[in-house]
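Descriptive analysis of the structure
Read off the chains here:
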Amino acid sequence: MCTAVTYEGMNFYFGRNLDLDVSFNEKVTITPRQFEFRFRNEAAIKSHWAMIGMAAVIDNYPLYYDAMNEKGLCMAGLNFPGNACYLSRKEGMENIAPFEFIPFILGNCSSVEEAVAVLKNTILINEPFNDLLPLAPLHWIISDQKRSIVVEPMSHGLKIFDNPVGVLTNNPTFDYHLTNLNNYLNLTSAPPNNRFSGKVDLSVSSIGMGSIGLPGDLSSPSRFVRAAFTKANATEETDEGSEVAQFFHILDAVAFTKGCAVNEDGREELTIYSACMNTQKGIYYYKTYSNNQISAVYLNRADLDGSKLETFELITSQQIRDIN
Ligand SMILES: C[C@H](CCC(=O)NCCS(=O)(=O)O)[C@H]1CC[C@H]2[C@@H]3[C@H](O)C[C@@H]4C[C@H](O)CC[C@]4(C)[C@H]3C[C@H](O)[C@]12C
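Conventions and cut-offs
- Residues numbered from 1 in each chain as written.
- Predicted model: local features only at pLDDT ≥ 70, side-chain atom pairs only at ≥ 80, totals over all residues.
- Heavy atoms only, no water.
- Helix = DSSP H or I, 4+ residues; strand = E, 2+ residues; numbered from the N terminus.
- Contact = heavy atoms within 4.5 Å.
- Patch = residues over 30% accessible without salt bridge, like charges linked within 9 Å, V, L, I, M, F, W, Y side chains within 5 Å.
- Areas by Shrake-Rupley, 256 points an atom, 1.4 Å probe, with all protein chains shown as cover.
- Salt bridge = Lys/Arg side-chain N within 4 Å of Asp/Glu carboxyl O.
- Buried < 20%, exposed > 50% of the residue type's maximum accessible area, 1.4 Å probe, protein only.
- Disulfide = S-S within 2.5 Å.
- Core = buried A, V, L, I, M, F, W, Y, C linked by side-chain atoms within 4.5 Å.
- UniProt positions renumbered as here; feature names shortened; annotations may be inferred.
- Phe/Tyr/Trp six-rings, centres within 6.5 Å; stacked < 30°, edge-to-face > 60°.
- Lys NZ or Arg CZ within 6 Å of the ring centre and 35° of its normal.

Some remarks on the environment of C276
Tracing the sequence through the fold places C276 in strand β13 (residues 270-278). For C276 and R16, which are 260 residues apart along the polypeptide, the C-alpha to C-alpha distance reads 6.9 Å. Beyond its immediate sequence surroundings of up to four residues, C276 is in contact with Y13, F14, G15, V244, F247, F248, I283, Y284 and Y285.

This is how it looks when you write it as structure tokens:
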């Protein structure tokens with residue numbers, strides 16, 4: 001499972017937990033403006049917005065999981081098994097393979113508004129990257145500072161939802177998660193009042209009792225509610241370090257501790273990495289399951305007019321500062 005969130009503070013932040021049982025040797029990857037993006041069914045784009053994100057680079061192609069471009073447009077793919085539906089080629093449409101979707105949108109668009117216009121004429125087709133990497137059943141969150149949307153590939157084409165809470169998890173479909181949130185409207189970060197009954201003498205005995213009923217489990221609907229509550233109540237900080245700390249705390253609230261959720265194949269799901277992108281400064285922060293230290297990769301320190309991918313190996317060994 002996975003969780004993605006947006007966060008409006010001093011700057012606009014976007015990020016995700018990547019929860020999985022395997023790694024594909026992903027690295028922080030910068031694609032500069034002149035790297036040629038070839039598409040299976042559409043013309044190549046030789047010049048586009050530069051982007052940074054997490055990707056498995058195979059045959060010199062960045063298979064992005066999540067990324068932002070130099071204009072602050074961000075996108076992440078999350079598992080959507082059993083629901084994602086990829087179609088056959090259709091004349092007159094932009095026929096994009098799922099693995100091409102992030103480069104296609106972030107390469108061409110500078111805002112959600114532009115992305116929505118492009119999406120109206122786009123379908124996702126059932127073409128895998130190669131025989132060893134089958135189609136990934138995903139849905140996507142696309143956000144900028146002004147607006148966030150969710151894109152779900154269905155049998156009739158792409159379904160686009162506005163995302164007023166700036167959160168995405170996994171199944172079921174996004175409209176379910178939004179409706180389900182209504183069940184929790186009574187939760188509060190404040191000390192609760194006794195609304196149980198005027199005839200029963202009840203009192204607050206501990207801090208946090210306003211959020212009793214917030215689901216604590218790791219299922220996708222529960223992570224959606226927990227991430228939405230944590231994000232909505234997390235206070236805005238006043239410096240970059242504290243903002244980034246706040247963002248990672250939101251992601252930590254929905255992270256998987258290894259061993260706590262086992263998939264149908266008996267393998268343990270864990271939060272392989274957590275990422276936070278400062279979309280205005282072009283910084284990609286991340287930490288991994290075994291390394292709690294935050295690392296930062298700067299888009300603007302790369303040669304953005306170049307034509308070669310730049311990759312940064314993840315630092316996965318624990319970094320502990322010895323004090324004495
Ligand atoms: C599984 C990842 C999403 C995280 C998630 O939601 N996990 C839930 C697992 S489960 O349902 O609970 O079992 C997704 C996000 C991006 C995906 C990757 C990207 O789409 C890029 C390529 C695309 C190729 O078709 C498959 C390999 C791949 C490298 C994908 C592997 C995998 O499907 C990734 C890593």
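A word on a nonpolar patch on the surface
Among the surface-exposed residues, F196, V200 and L202 lie close enough to one another that they form a single nonpolar patch of about 300 Å² accessible area. As for its position among the elements, F196 is in the loop between α3 (174-181) and α4 (220-233). A relative accessible area of 68% places F196 in the exposed class.

Side note on the state of the cysteines
By definition, a disulfide is the covalent link that joins the sulfur atoms of two cysteine residues. Counted under the stated rule, the structure contains 0 disulfides. Between C109, a free cysteine, and C74, which holds the nearest cysteine sulfur, the sulfur-to-sulfur gap is 13 Å. Accessibility expressed as a relative area gives 0% for C109, which makes it buried.

Comments concerning the nonpolar core
The biggest cluster of nonpolar side chains holds 85 residues, and the ones touching the most others in it are F101, I105, I142 and Y284. Apart from the residues lying within four places of it in its own chain, the contact partners of F101 are M75, I96, L119, L124, W140, V151 and L158.

A look at the UniProt feature "domain: Choloylglycine hydrolase/NAAA C-terminal" (unreviewed entry) in the protein chain
When the UniProt feature table is mapped to this numbering, "domain: Choloylglycine hydrolase/NAAA C-terminal" (unreviewed entry) covers residues 2-311. As annotated, residues 2-311 has a helix share of 16% and a strand share of 31%, and its two end C-alpha atoms lie 23 Å apart.

What to know about the packing of aromatic side chains
Tallied over the entire structure, the rule returns 13 aromatic pairs. Consider the rings of F37 and F39, whose centres lie 6.5 Å apart with planes at 35 degrees: the pair is tilted. Residue classification places F37 among the buried residues on the basis of a relative accessible area of 0%. Looking at F39, the relative accessible area reads 9%, which means it is buried. A ring pair is formed by Y61 and F99, whose centres lie 5.6 Å apart and whose planes are at 80 degrees; its orientation type is edge-to-face. Of this pair, Y61 sits in strand β5 (residues 61-69) while F99 sits in the loop between β7 (94-96) and α1 (101-108), and the two are 38 residues apart along the sequence. Accessibility expressed as a relative area gives 9% for Y61, which makes it buried. For F99, a relative accessible area of 14% puts it in the buried group. Following the ring pairs from residue to residue traces out a cluster consisting of F35, F37, F39, Y61, F99, F104 and F129. A cation over a ring is seen here: R301 above Y298, with NZ or CZ 3.6 Å from the ring centre.

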